[in-house]
Amino acid sequence: MSNFYDELSPFYHVIFEDWNKSVDRQGLQLTNIIRSHWPEYRSILDVSCGIGTQAIGLSKQGYHVTASDLSTKEIERAKQEAQQHDQTDILFSVCDMRTAFTYHGGNFDIVISCDNSIPHLLTDDDILITLKQMFSCLRPGGGCLITIRDYDQEQRGGKNLVKPYGKAKIENGKRYVALQVWDFDEQDDQYYDFTLYVIEEDLNSKDIQTHAMHSRYYAIKSEKLMKLMNDAGFENVVRLNEVFYQPVFIGTRPDT
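Thresholds applied
- The numbers attached to residues start from 1 for each chain and follow its sequence in the written order.
- Predicted model: local features are reported for residues with pLDDT of at least 70 only, side-chain atom pairs are reported and counted for 80 or more only, and whole-chain, interface and lining totals are derived from all residues.
- Working from all heavy atoms in the structure, the side-chain values ignore hydrogens and water.
- Only DSSP runs of H or I reaching four residues or more are called helices, and only runs of E reaching two or more are called strands; each is numbered from the N terminus.
- Three labels apply to residues, based on accessible area from a 1.4 Å probe with only protein chains included: buried if under 20% of the type maximum, exposed if over 50%, partly exposed otherwise in between.
- Note on geometry: axes are lines fitted to C-alpha atoms, helical ones only across the stretch in contact, with angles between N-to-C directions running from 0 to 180 degrees.
- Any angle that is under 35 degrees is reported as roughly parallel, and any over 145 degrees as roughly antiparallel; angles of 65 to 115 degrees are reported as roughly perpendicular and all others as oblique.
- Take the far helix as the reference: if the near one is turned anticlockwise from it by less than a right angle, the crossing is left-handed, and if turned clockwise, right-handed.
- Any two residues whose heavy atoms approach within 4.5 Å are treated as being in contact.
- By convention a nonpolar core is built from buried Ala, Val, Leu, Ile, Met, Phe, Trp, Tyr and Cys residues, the set being connected through side-chain atoms within 4.5 Å.
- Here, any two strands with at least 2 DSSP bridges between them count as paired.
- It is the directions from the helix axis to the C-beta atoms that the arc portrays.
- To estimate how far a helix should extend, the number of its residues minus one is multiplied by 1.5 Å.
- Working definition: rings of Phe, Tyr and Trp (its six-membered ring) pair if their centres are within 6.5 Å, and the pair is stacked with planes under 30 degrees apart, edge-to-face with planes over 60 apart, and tilted otherwise.
- Polar contact is defined as a pair of N or O atoms within 3.5 Å, subject to the rule that within protein one atom must be able to donate a hydrogen and the other to accept it, and that residues adjacent in sequence are counted only when both atoms are side-chain atoms.

Caption draft 1: Summary view of the side chain of His-85. As for its placement among the helices and strands, His-85 is situated in the loop between α4 (72-84) and β3 (91-94). Its relative accessible area of 13% is what places His-85 among the buried residues.

Structure representation (structure tokens):
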């Protein structure tokens, strides 16, 4: 998993039409969710921060953010992006989300994992371990917020399923085109192999490079994820629709 994101880190922003605008939009959307459910809370732990999309956006909304990721390269870039956005108080570090509490300790108000990070974990046991670690990171009454792709609605089965990101992006004299290709496991369609292609064209020389990054996902359904959140100890677990670009799953650590 870390190799995938190490390779992706220089190109991560090109899968967005405008990454900087996405930082602000997602920060505001997540803030609205947090204020609706945990209005007084201020400290946030992001256990899968990538290059900082949500961490930076939430910091700009006034939250005290600690953020980590398994990918060293993404953390390096996240620190650079935070500097560019004048959000220098975010505490970034490298950590596997399966050891979040062991590494970060507890007493956070909110813990988050966004952008379909949880489905990189390929077994229910690994997901449950991670959710229990996230649970332990929270103060009593603290909130957990997770976003994943809506696998309830995705086609199951098949190979060579192409999922483009949309418009090409032009930057510094180069054009970038990004797309995904999915190959579902023939033995178990809960899993699919994933290739992210970034095609890089120099608009002056017309030279083209193709970057291909590979990973594997567990196409976990909402019902299963919510059950695992309950099994980890969270209460009031619900799925929220149409408040973010992915479905949002929230739960609360009991007060006692």
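Here the narrative resumes.
Caption draft 2: Representation of the packing of helix α6 (residues 124-137) against helix α7 (residues 222-231) within the structure. Where α6 contacts α7, the axes come no closer than 9 Å and their chain directions differ by 50°. In terms of orientation, α6 lies oblique with respect to α7. Crossing handedness for the pair α6 and α7: right-handed. Between α6, through Asp-124, Ile-127, Leu-128, Leu-131 and Lys-132, and α7, the contact on the second element is made entirely by Lys-224, Leu-225, Leu-228, Met-229 and Asp-231.

Caption draft 3: Structural detail: the nonpolar core. The biggest cluster of nonpolar side chains holds 78 residues, and the ones touching the most others in it are Phe-92, Ile-127, Leu-131, Leu-145, Ile-146, Leu-225 and Met-229. The greatest single-element share of this core, amounting to six residues, is contributed by α6. Ile-146 has contacts with Ser-113, Ile-118, Leu-131, Met-134, Leu-225, Met-229, Pro-247, Val-248 and Phe-249, leaving out every residue within four places of it along the chain.

Caption draft 4: Spatial organisation of unusual backbone geometry. Unlike most non-glycine residues, Asn-116 shows phi in positive territory, near 60°. Positionally, Asn-116 belongs in the loop between β4 (108-113) and α6. Residue class for Asn-116 comes out buried when judged on its relative accessible area of 5%.

Caption draft 5: Here's a closer look at the pairing of strand β10 (residues 208-218). Pairing of strand β9 (residues 191-202) with β10 involves eleven bridges; the strand directions are antiparallel. The partner of Glu-200 across the bridge, within β10, is Gln-209.

Caption draft 6: A look at the environment of Leu-45. As for its placement among the helices and strands, Leu-45 is situated in strand β1 (residues 43-46). If we ignore the near neighbours within four places in the chain, the residues touching Leu-45 are Thr-66, His-104, Phe-108, Ile-110, Val-111, Ile-112 and Cys-137.

Caption draft 7: Just α7, in detail. When α7 is considered as a whole, its buried residues turn out to be Ser-222, Leu-225, Leu-228 and Met-229. For α7, the angular spread of buried residues about the axis comes to 130°, placing them on one side. Contacts from the buried residues of α7 go to α6, β5 (138-147), β11 (235-240) and β12 (248-252). Positive phi shows up at Gly-233, right after α7, with a value of about 115°.

Caption draft 8: Looking closely at α6. Helix length check: α6, at 14 residues, gives a terminal C-alpha distance of 20 Å against a target of 20 Å (1.5 Å per residue), a fit within 8%. Every buried residue belonging to α6 is among Ile-127, Leu-128, Thr-130, Leu-131, Gln-133, Met-134, Phe-135 and Cys-137, and all of these are buried. On the buried face of α6, the contacting elements are β1, α5 (100-104), β4, β5, β10 and α7.

Caption draft 9: Focus on the packing of aromatic side chains. In total, this model carries 14 aromatic pairs according to the counting rule given. Seen in terms of ring centroids, Tyr-192 and Tyr-217 are 5.4 Å apart; in terms of plane orientation they differ by 20°. Their pairing is stacked. Residue Tyr-192 is found in strand β9, and its partner Tyr-217 is found in strand β10; the two are separated by 25 residues along the sequence. Taking relative accessible area as the criterion, Tyr-192 reaches 1% and is therefore assigned buried.

Caption draft 10: Here's a closer look at the sheet that holds β11. Spatial strand order, β3-β2-β1-β4-β5-β12-β11: seven strands in an open sheet with mixed pairing. The open sheet terminates on both sides in strands that have one partner only, identified here as β3 and β11. Mean inter-strand twist for the sheet, computed between neighbouring axes without regard to direction, equals 15°. Packing of helix α3 (residues 53-60) onto the sheet brings it into contact with β1, β2 (64-69), β3 and β4, and relative to β2 it is tilted by some 175°.

Caption draft 11: Quick peek at the side chain of Ser-68. With respect to the helices and strands, the residue Ser-68 is situated in strand β2. Separated by 2.9 Å, the side chains of Ser-68 and His-104 make a polar contact.

Everything listed is a geometric property; what it means functionally is a separate question.
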